[in-house]
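# Chain and residue survey
Each chain, written out:
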Amino acid sequence: CHRPLLHAIAAAAIRKSVELVPQDLANTAWAFAMFSVCHEPLLESIAAASIPIISQFTSQNLANTAWAFDILEVRDAPLMHAISAQALRSISEFGTQPLANLAGCSTPLPGHAEF
């Protein structure tokens with residue numbers, strides 16, 4: 001992984017975050033988590049851009065975003081509340097992979113106790 005390139009990508013994504021669609025936001029968070037790069041300004045930008053359009057997120061977008069923030073150990077309560085609420089509204093539409101990704105998060109979603 002080429003960290004200077006990732007930081008340049010993060011800077012560009014921050015500038016464009018309000019233009020990004022749900023899949024762009026989720027994929028960006030997922031990619032940084034895959035490289036174990038916790039770029040906090042980028043993640044704050046992704047969270048801020050995601051919350052107002054969370055109802056447009058697919059089940060995979062929700063799961064990937066929750067997974068990425070969990071892997072990077074970023075605790076953004078407003079984002080996790082929004083993901084949790086949207087997941088509850090659309091749980092019947094979830095495939096097995098998004099369900100597994102959400103279930104695999106080590107931090108329970110807000111309002112949901114651990115088993």
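For the structure, see preceding data.
Notes on the structure follow. The structure displayed is predicted, hence computed values, not measured ones.

### Overview of a nonpolar patch on the surface
Residues Trp30, Met34 and Phe35 make up a contiguous nonpolar surface patch of roughly 300 Å² in combined accessible area. Summarising the element assignment, methionine 34 is placed in helix α2 (residues 22-34).

### Focus: the packing of helix α4 (residues 59-71) against helix α5 (residues 77-90)
With their axes 10 Å apart at the nearest point, α4 and α5 run at an angle of 150° to one another. Of the possible angle classes, the one that applies to α4 and α5 is roughly antiparallel. For α4 against α5, the interelement crossing comes out left-handed. Across the interface between the two elements, Leu62, Thr65, Ala66 and Phe69 of α4 pack against Leu79, Met80, Ile83, Gln86, Ala87 and Ser90 of α5. Of the residues contributing to the contact of α4 with α5, the split by class is seven nonpolar, three polar and no charged.

### So, the nonpolar core
The nonpolar side chains of soluble globular proteins are, as a tendency, buried together. Counting residues in hydrophobic clusters, the biggest one holds 31 residues, and the most contacted among them are Ile46, Phe69, Ile83 and Leu102. Elements with a minimum of two residues in this core: α1 (3-16), α2, α3 (40-50), α4 and α5. Not counting residues within four places of it along the chain, the set of residues in contact with isoleucine 46 comprises Leu25, Thr28, Ala29 and Phe69.

Cut-offs used in this document
- Residues numbered from 1 in each chain as written.
- Predicted model: local features only at pLDDT ≥ 70, side-chain atom pairs only at ≥ 80, totals over all residues.
- Heavy atoms only, no water.
- Patch = residues over 30% accessible without salt bridge, like charges linked within 9 Å, V, L, I, M, F, W, Y side chains within 5 Å.
- Areas by Shrake-Rupley, 256 points an atom, 1.4 Å probe, with all protein chains shown as cover.
- Salt bridge = Lys/Arg side-chain N within 4 Å of Asp/Glu carboxyl O.
- Helix = DSSP H or I, 4+ residues; strand = E, 2+ residues; numbered from the N terminus.
- Axes fitted to C-alpha atoms, helices over the stretch in contact; angles between N-to-C directions.
- Parallel < 35°, antiparallel > 145°, perpendicular 65-115°, else oblique.
- Left-handed = near helix turned anticlockwise from the far one by under 90°.
- Contact = heavy atoms within 4.5 Å.
- Nonpolar A, V, L, I, M, F, W, Y, C, P; charged D, E, K, R; others polar.
- Core = buried A, V, L, I, M, F, W, Y, C linked by side-chain atoms within 4.5 Å.
- Buried < 20%, exposed > 50% of the residue type's maximum accessible area, 1.4 Å probe, protein only.

It is worth stressing that arrangement in space is one thing and function is another; only the former is reported here.
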